[in-house]
Amino acid sequence: MGCGTKEPKITQLCLAAIQRLMSHEVVSEAAAGNIINMLWQLMENGLEELKLLQTVLVLLTTNTVVHDEVLSKAIVLCFRLHFTKDNITNNTAAATVRQVVTVVFERMVAEDERFKGIVEHPPPVQGNTNRRSVSTLRPSAKDAYMLFQDLCQLVNADAPYWLVGMTEMTRTFGLELLESVLNDFPGVFLQHQEFSFLLKERVCPLVIKLFSPNIKFRQGSSCSASPAPVEKPYFPICMRLLRVVSVLIKHFYTLLVTECEIFLSLLVKFLDGEKPQWLRAVAVESVHRLCVQPHLLRSFCQSYDMKQHSTKVFRDIVNALGSFIQSLFIIPNAGNSTALSAPAGSGAQGAAQGGPGTGGISGNLTAQAAFEYRGTWIPLMTVSVQGSAKATYLEMLDKVEPPSIPEGYAMSVAFSALLDLVRGITSMIERELAVEEEAAAEFRETHPNQSWQPQPGEHEQDGQVHLVWEEMVSACWCGLLAALSLLLDASTDETATENILKAELTMASLCGRLGLVTPRDAFITAICKASLPPHYALTVLSSNAAHFSSKAYSIQGQTVQIISPSSESHQQVVAVGQPLTSQPQGTVVLTAKNIQCMRTLLNLAHCHGAVLGTSWQLVLATLQHLVWILGLKPGMGGALKPGRAVEGPSTVLTTAVMTDLPVISNILSRLFESSQYLDDVSLHHLINALCSLSLEAMEMASGNNKEPSLFAVAKLLETGLVNMDRIEILWRPLTGHLLEVCQHPNSRMREWGAEALTALIKASLAYKHDPPLAQNQRLQLLLLNPLKELSNVLHADIRQKQLESVLQILQSQGDSLGPGWPLVLGVIGAIRNDQGESLIRTAFQCLQLVVTDFLPTMPCTCLQIVVDVAGSFGLQNQELNISLTSIGLLWNISDYFFQRGEAIIQELEREEEALQKQAQEKGETLNRPFHPAPPFDCLWLCLYAKLGEMCVDPRPAVRKSAGQTLFSTIAAHGTLLQQPTWHIVVWKVLFPLLNCVRKSSTTADKEKIESGGGNILIHHSRDTAEKQWAETWVLTLAGVARIFNTRRYLLQQLGDFFEAWEVLLNHIQSASLSKNNEVSLAALKSFQEILQIVTPVRDSDRAVDAFAAMGVPPVLIDPLSASGPGRPLVRSDSLVERLTRYNGAELQAPPPGEESALEDAALWWSAWNTWYRTGTDSTRPPSGPTEKFSFIPSQPFLTALIQIFPALYQHIKANFSMEDLKKLGVILHGAVSVPISSDASPFILPSYTEAVLTSLQEAVLTALDVLQKAICVGPENLQVMYPAIFEQLLLFVEFSCKPPQYGRMETKHVANAKYNQIQLFAPAEWVALNYVPFAERSLEVVVDLYHKTACHKAVINEKVLQNIIKTLRMPLGLKYSCPSESTWKLAVSSLLKVLSIGLPVARQHASSGKFDTMWPELANAFQDFLFTKSTPPDNLSIQEFQKNEAVDVEVVQLISTEILPFANFIPKDFVGQIMTMLNRGSIHSQSPSFTEAEIDVRMREEFSKVCFETLLQFSFSNKVSTPQEGYISRMALSVLLKRSQDVLRRYVEDERLSGRCPLPRQQVTEIIFVLKAISTLMDSLKKTQPENVDGNTWAQVIALYPTLVECVTCSSSEVSSALKEALGPFKDFMQPPVSRVQNGES
């Protein structure tokens, strides 16, 4: 009532009172209606508008009594007040309307709360769902429904149904109200179908309708041209519509799927470049609002993108953002960009020229954060806190005109939207992934052996969830990448760059986790490209980018091209370096942004390595190039350190980046260290990527000598080192690749490959694996294998590295190598001759270390490899000293075998059993060298075989050393071998060795070697290969012979000893016949050595001593196969067993029984045959005319050969036959006949003047001596050989006068010739020396022997005496013509001796007629000697002559004592011949050759006298038994007397004629001789029995007297005195004639 007064004051009071009442809730429903009506009136009258509004508000908020029409009236009232002229009222009314609308809806919410518990049964929906019925709604709900429905009507400019009385209404206000209701009470619309229906049927069509002018609008038609009515509400409505749309999408997306699709598509269209700036700005803000709601975005993706035939809304939104950002750069609107002052294209140079002074930033760039691209510069503002979309323009509800939009705003919003989008999506998906992974981990713990599947029901779409994620990423990545790459390129602000990079990084990581390879690689590529200088040619990236940029993404007809980075970004340059390319190019620059990107890249690799997979390739390739440009070089363990490149000067680093470098290199290292946390698959990806990177680097480095990029190799090393605990899974790819690197032609690359590989191997061996390597053989072999593979690399530096690492491994892990030994030894032994000395030296150091320190720790099965390896060092020809030292090592190894024998045997036998078992299971035979022998013996055999190989090395020093070692080892340790093994030693080691050496020696070069490498002089005895080989042959043969000698008994146990013996003899023979004196002589020495063995008396005693020293009881020792302690006594000899049984422990050698004697005989005869063949071949004179070079055996050789015979003969004498003797004779004769070369002769004989025997001649005589001694003590039947021996000796005796011929060789015979007679300049001269002493010695032997054997039947039967005499005839006959005067003297004395023995024998056997032929021979001998044809030399002194005469006298005396007294046993002819001879001797005949002038004639007066005396003695001897003999002597006497008569007469005449001249001396001598003879005759007659003298003789004697008397007149006093003597005795015959008558009668 008070209000009805319309009095302002009263009205105010009343309204206040009513409000007070209402606040105390004392108003009924009716009262409320009244109050409203009253207020309406006031309103119509325009009174107290503000108080009215206040009252309405109080009324509606304090209670719920107002409903239906009352409520609607109240609302209308407020609306009406909103449209008054008064601004304050308007605004207050607007606020009240908003609050009232809110209250209406709040009531509904409250009502719903009250009825929450009651279940409603809504009536069945009638056919048409588009119902307008509100009957089912409760009161408050009904109000709300009616209100909302009318709001829609009003906005649509239709009449309201419920709000009766509305006069006017603006769309903007209506839209705001709609928006606030939708935003504040989404629950109402979602819970009540009626309201949902309103949304679908009213709101959405309304929005779409209102949008239409904006859609149709094109920027092409300028603002002014548009009709005014359309233009006016443009911005406010559009902006509010977008707000409504945002709310609809946000809250009712699930109800309005289709409608939202339309809204979103419209939104995308608004971003179009042709739309007005403000529209695009508002649209971008709306999009940003969507972007901060990842779950909403996911729903879009599920509802549209994943459905067939549906718009790809989500993708379009992202792409639209992308193209929006691009359009901002590409279509710069006027006033919206600042042109840069730097001319286009001067990009990097301009920046670089900014120089250090400006920090590299061009002057006109402000420090404000901005994007700058191809001349477009867009500042960047802070638009909202990250993760919330605070819009600027969507909030400008009071603006009617479109606002002007600051430059860069849209860009900033779009940028934020992008970042929020990425952040939202990734964090949402990663959260869910984490949950899923946790579930998986739990499941694995509880069910370890099942694989995990996501449980259904965890998500709305359970199994679909992954697909949704993948689809979201697939839909958005292209657009994101395009936009982010562009922004990254354009960004000039470090923070913006950081954000962009972070977005790219998170996307990459997310794609990786979802297994989306292409997008992952694309994002990574983008980061990689940004890290490198612009336009940097990197194949990995360009090829990858190619298949992105070839796709252009079409967004509703508009093409989005992924823009390639511009090169003009004006950035601070921090580094200038060399690009890593195969062709040298200019320098490239790195900017601060590049470095920032690089750090992101490192970050990516570090934190998300596990999901990188194949894109490791991209990441690492990029890092490699950056590292290269920055000049980081690998150091120890593969870590990269800043280092100067070889091309140094071109790398320029600013101080800014210098401080970063250590950090970067640190992160790089950490990156690879963190590979230990990757799972196996990722680790493999990393390794593969590094390998292919390295392959590229290798290709690049192979063409030229440029410094190679070692990044990949260094990092492979680093990765390997940190993943030692699971090294097994990456070892093969890792080492396989590094091995390839090691073969690279570029030395730096190779060196690093080897460094990496060896470092890995060393580290892996040192690492404490679990289980330890010792128990994990397979792993150990795996780890060592690459070391072995390195041996195949031909580069010396690599092998050097390999061997050095072997040395280190030996020093550090040598004790634990175990099964790895064969590999390590293989590496040490993999030496070849084409490798340098230093390599071989290093390898050898390793071997020495092994031999000195590690033999006991390695498995015994490796010992054989050690032997082989040592052998190969012996055979290499680079370094002689190593070869020699390695032979020493073999000796040490053999010592080791010897000392550790038992342990080695046990281990080897265990191993052997295992192998045998394996072989049997496989059904194969066990195959190892020297198989049947036991394994320990095989070890020895391998050692021997190796040494054997070295014995035929081309280098003499090696051969010598190896030979000595081989034979020493066999000698020292041969006892360890089992008996059957000796068989192999002989047949498989020694004989093949002999064959090789023989072959090499016979084919060796005879060229002179000037010097032995360097300045070593070579002795002339070794200056040809042939001579050097000769030494080897000598050594080898001697060694083998020694073994046969010392191990004879052992070898004889072997079945085929005889064959072996034959082979050995054959070798000895061929060596003996070698043309090399050294070899042939040595061969004979060996021959002697093996012959000096008496029937085996073993060195068992020695063996027993040796073992006793070792503390082994003698019982264990088997002397025959003395094979080492602990061996089973395997014996083949039953006899020994028997003996052992009887004698207990005293082992005795079996007495050589019949068998062994026979066997021995065979051996000796085989030796005799060899000797014979050797002798025959070596002494056979050359047949044809001799060439200069025909070979003539040396004296020492022949001597040695002959010296062998006595020893040999001892063994074969039992069956030595005449045949053999003849053979021997031939050889002896041959040997003696061999001449000496003229230059050797002074060494064989001291001087020519002394008559000495050569040792050869001594030997020959010794041989014969041995024979004759043997015959002497031997049985009868041997004596038939005497004559043969005599024959042989007599042959030698002949040499004194007739030296033997050697073939047709011309030889100078030197008896006592002086040295200067030999021409030293005729090398073909051969000298036959010294036969005289030899013949004389032989003669002495003959005499001696005859002395002993004269009475032997054979000697008598074979007419030995006759032969002796016959032989002596020659020197006797020659007498003074003999080459040496001693000869005939000796011959005479020998003859006398022989005759003194032989004649009695001959007389004894006179009757048998066996000596008949001897007598004439003897007569001739006397004849030849006493009346020689040779003349004495002129210089013969009187004394000498007298001595010689005395010899002649001796002969005559022999005749007078030994022959003539026994004339009756002697053939008459012979006696006659003797008489004639005596007669001739007694008449001193003068030889006709004397000239008258030679005064000094020596008459053999003494001789004649003796002859005459003998003659007379026998003439008158009363012993003359037969008249015939007497007759002979009488006859001789009458001849003599007659002769005297003649001489005297001639003398008298001559004297008379000569007058005063004296007669020639010889005639005087002759007459004196005759006179002496006459006086001798007179003496004899006086002594003789008168009856023995023939009357005739007397007559002749007396007849001489007158002649004598005539001589008295001679003038010579000598003659006179002789005459006196002759005449004197006649007085005895001057007697009265009576006796004569008596005599005559008698």
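Read on for an overview of the structure. Quantities reported herein were computed from a predicted structural model and do not represent experimental measurements.

Checked against the element boundaries, Met22 lands in helix 1 (residues 8-23). Taking the C-alpha atoms as reference points, Met22 and Thr61, separated by 39 residues in sequence, lie 9.5 Å from one another.

In contact at an axis separation of 10 Å, helix 49 (residues 1255-1273) and helix 51 (residues 1331-1349) are set at 10° when each is read in the N-to-C sense. The orientation of helix 49 relative to helix 51 falls into the category roughly parallel. Between helix 49 and helix 51, the contacting residues are Gln1257, Glu1258, Val1260, Leu1261 and Gln1268 on the first element and Tyr1331, Phe1334, Arg1337, Ser1338, Leu1345 and Lys1348 on the second. Looking at the contact of helix 49 with helix 51 residue by residue, the class counts come to five nonpolar, three polar and three charged.

A word on the pattern of salt bridges. In total, this model carries 26 salt bridges according to the counting rule given. Between Arg138 and Asp112 there is a salt bridge, with the nearest N and O atoms lying 3.2 Å from each other. In this pair, Arg138 is assigned in the loop between helix 5 (87-114) and helix 6 (139-155) and Asp112 in helix 5, connecting sequence segments 26 residues apart. Accessibility classification places Arg138 together with Asp112 in one group, the buried group. A salt bridge links Glu718 to Lys715; the nearest nitrogen and oxygen atoms lie 2.5 Å apart. Note that Glu718 and Lys715 are positioned in helix 26 (residues 711-722) at a spacing of three residues, about one turn of the helix. Looking at Glu718, the relative accessible area reads 6%, which means it is buried. For Lys715, a relative accessible area of 0% puts it in the buried group. Linked by salt bridges that have partners in common, Arg98, Glu176 and Arg240 make up one network.

With that out of the way, let us pick up the state of the cysteines. The full count for this structure, using the stated rule, is zero disulfides. With no disulfide partner, Cys204 has as its closest neighbouring cysteine sulfur the one in Cys260, 7.0 Å distant. The closest cysteine sulfur to the non-disulfide-bonded Cys511 is located on Cys476, 7.6 Å from its own sulfur. Judged by relative accessible area, which is 0%, Cys511 ranks as buried.

Rules used throughout
Residues numbered from 1 in each chain as written. Predicted model: local features only at pLDDT ≥ 70, side-chain atom pairs only at ≥ 80, totals over all residues. Heavy atoms only, no water. Helix = DSSP H or I, 4+ residues; strand = E, 2+ residues; numbered from the N terminus. Axes fitted to C-alpha atoms, helices over the stretch in contact; angles between N-to-C directions. Parallel < 35°, antiparallel > 145°, perpendicular 65-115°, else oblique. Contact = heavy atoms within 4.5 Å. Nonpolar A, V, L, I, M, F, W, Y, C, P; charged D, E, K, R; others polar. Salt bridge = Lys/Arg side-chain N within 4 Å of Asp/Glu carboxyl O. Buried < 20%, exposed > 50% of the residue type's maximum accessible area, 1.4 Å probe, protein only. Disulfide = S-S within 2.5 Å.

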